[in-house]
Structure formats: C-alpha cells, structure tokens
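Observations on chain architecture
Read off the chains here:
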Amino acid sequence: MKQTDARAPRQRARQRPRQPPAKKRLRQPATRFNEDEHALIKSAAAQCNLSVAGFLARSALAAARDLSRTSAEIADEREVITALFDSRRRLGWAGSNLNQAVKALNSGADVPHLEAAIAAVRRAADSAHQAVTRLIEHHGS
C-alpha cells in the first residue's frame, strides 16, 4: 500500500492552468432568450465548436470592440423595422380607400379618385417591398 505525504500539494489530473488575476473573468451577466433565439445561438455555438456561454462571450466582445459597426447594424435594423410598420400602415389606409372606391364604382357612382387610390396602393406596396428587401439583405449578410 502506497502512502502519500499529506503536506504535498495535490494536483488534479488534466486541469488547465489557472488564469492570472488580471485575466480572470469574474463577471457573469445573465441573459434571457426565447426558444427560437436560444436554438439559433446554440446552433451557431455548435458550428463554432464553442459552448453557448463561450459563443455569447466572444460575440459580445467582438460587438463591443467595433461599436461603429454594431451601432450601425442596430440602427439599420431599427430603421428597417420602422419602415415595415410604416408601410404596413400606409398599405392599410390605401387598401381601405381603394375598397371604398370599388364599392362606390360597383354601386354605379362616379369615382373620380379611383386612379389616386390605385396609385396610393401601388406606392404603399412598393414601400413594403423595399423594406422587406432591405430586411432580407440585412439578415442575409
């Protein structure tokens, strides 16, 4: 039977070296995600051979190191979403006006503003299309 000296420091097998105090990561912020967001992050982390925590840490640090790009992307996404909501609202108004014009036309009334209503629907549809295209381009890159 082999005896060990109780005073000798024990080393754990296959333990990585400890970080120097200046490099230790002592802060552990908490984040919340819905199921779809978590699945997306988990998949991305796996593709990078990282844990979810490691992926989040590296992603956040990369974003924090390039604030001009990060803020531009956030601002661009906000602009696109705002444009989508605006075009949705305009499309609703234009569609409502067009429905009223068609109803009047079907009842035999004169509809002098029919061309204007059709043009408004076209403009609103084009605006919605442009906003969706920008959103797809933004998320595709």
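Residues numbered from 1 in each chain as written. Predicted model: local features only at pLDDT ≥ 70, side-chain atom pairs only at ≥ 80, totals over all residues. Heavy atoms only, no water.

**Description of the overall build of the protein chain**
Our working rule: By definition, any uninterrupted DSSP run of H or I lasting at least four residues is a helix, any uninterrupted run of E lasting at least two residues is a strand, and each is numbered from the N terminus. Burial classes follow relative accessibility: with a 1.4 Å probe on protein chains only, a residue under 20% of its type's maximum area counts as buried, one over 50% as exposed, and anything between as partly exposed. In this analysis, two residues are considered to be in contact whenever any of their non-hydrogen atoms come within 4.5 Å of each other. Each accessible area value is a Shrake-Rupley result obtained with a 1.4 Å probe; residue values ignore everything except the protein chains displayed when judging cover.
Secondary structure summary: the protein chain contains four helices and zero strands in total. Along its sequence from the N terminus, the protein chain presents helices and strands in the succession α-α-α-α. Across the 141 residues in the protein chain, those meeting the buried criterion constitute 10%. Counted over contacts in the protein chain with a minimum sequence separation of 6, partners at least 24 positions apart contribute 54%. When the accessible surface of the protein chain is totalled, it reaches about 12700 Å², and 53% of it is carbon and sulfur.

**Structural notes on the environment of V121**
Structurally, V121 can be placed in helix α4 (residues 114-140). Considering only alpha carbons, one finds V121 and G92, 29 residues apart in sequence, at a separation of 8.6 Å. Not counting the four nearest positions on each side in its chain, V121 is found in contact with L91, A94, G95 and L98.

**Some remarks on helix α1 (residues 35-47)**
Rule in force here: Between the first and last residue of a helix there are one fewer steps than residues, each counted as 1.5 Å, and that sum is the expected span. What qualifies as a polar contact is a pair of N or O atoms within 3.5 Å, subject to a donor-acceptor requirement within protein and to the restriction that residues adjacent in sequence count only when both atoms come from side chains.
When the terminal C-alpha atoms of α1 are compared, their 18 Å separation across 13 residues agrees well with the 18 Å that a helix rising 1.5 Å per residue should span. Two to three positions downstream of the cap, the backbone nitrogen of D36 sits 3.1 Å from a side-chain oxygen, assigning the N-cap of α1 to N34. Remark: N49 follows α1 within two positions and exhibits a positive phi of approximately 55 degrees.

**Points about the pattern of salt bridges**
Rules: A pairing counts as a salt bridge when a side-chain nitrogen of Lys or Arg comes within 4 Å of a carboxyl oxygen of Asp or Glu.
With the rule as written, the count across this model stands at two salt bridges. A salt bridge links R89 to D86; the shortest N-O distance between them is 2.4 Å. With R89 and D86 both in helix α3 (residues 67-106), this residue pair falls three residues apart, about one helical turn. Since its relative accessible area comes to 41%, R89 is described here as partly exposed. Of the charged contacts in the structure, one is a salt bridge between R90 and D86, with a shortest N-O distance of 3.0 Å. One end of the pair is R90 and the other is D86, both in helix α3 and four residues apart, which spans about a single turn. Assessed through its relative accessible area of 46%, R90 is described here as partly exposed. One network of salt bridges, in which partners are shared, links D86, R89 and R90.

**A word on the packing of α1 against helix α2 (residues 52-65)**
Note the following rule: Lines fitted to the C-alpha atoms define the axes, with helices restricted to the stretch that makes contact. Angles between their N-to-C directions range from 0 to 180 degrees. Small angles under 35 degrees read as roughly parallel and large ones over 145 as roughly antiparallel, with 65 to 115 read as roughly perpendicular and the rest as oblique. Just so you know the grouping, Ala, Val, Leu, Ile, Met, Phe, Trp, Tyr, Cys and Pro go in nonpolar, Asp, Glu, Lys and Arg go in charged, and all remaining residues, Gly too, go in polar.
In contact at an axis separation of 9 Å, α1 and α2 are set at 90 degrees when each is read in the N-to-C sense. The angle between α1 and α2 places the two elements in the roughly perpendicular class. Residues I41, K42, A44 and A45 of α1 pack against V52, F55 and L56 of α2. The residue makeup of the contact of α1 with α2, split by class, is six nonpolar, no polar and one charged.

**Observations concerning a positive patch on the surface**
Selection rule: Nonpolar side chains (Val, Leu, Ile, Met, Phe, Trp, Tyr) are joined into patches within 5 Å and like charges within 9 Å, using only residues with over 30% relative accessible area and no salt bridge. Within this scheme the basic residues Lys and Arg register as positive and the acidic residues Asp and Glu register as negative, but His and the chain ends are omitted. For the purpose of locating charges, the reference atoms are NZ of Lys, CZ of Arg, CG of Asp and CD of Glu.
Taken together, K23, R25, R58 and R65 make up a surface patch of like positive charges. Inspection of the secondary structure assignment puts R58 in helix α2.

**So, the confidence of the model for the protein chain**
As a reminder of what qualifies: Confidence of the predictor in every single residue is expressed as pLDDT, which spans 0 to 100.
Here the protein chain averages 80 in pLDDT, and 82% of its residues register 70 or above. Confidence, read as mean pLDDT per element, is least for α3 in the protein chain (78) and greatest for α1 (91).

**Thoughts on unusual backbone geometry**
At N49, a residue that is not glycine, the phi angle is positive and equals roughly 55 degrees. Turning to its location among the elements, N49 is positioned in the loop between α1 and α2. For N49, a relative accessible area of 69% corresponds to the exposed category.

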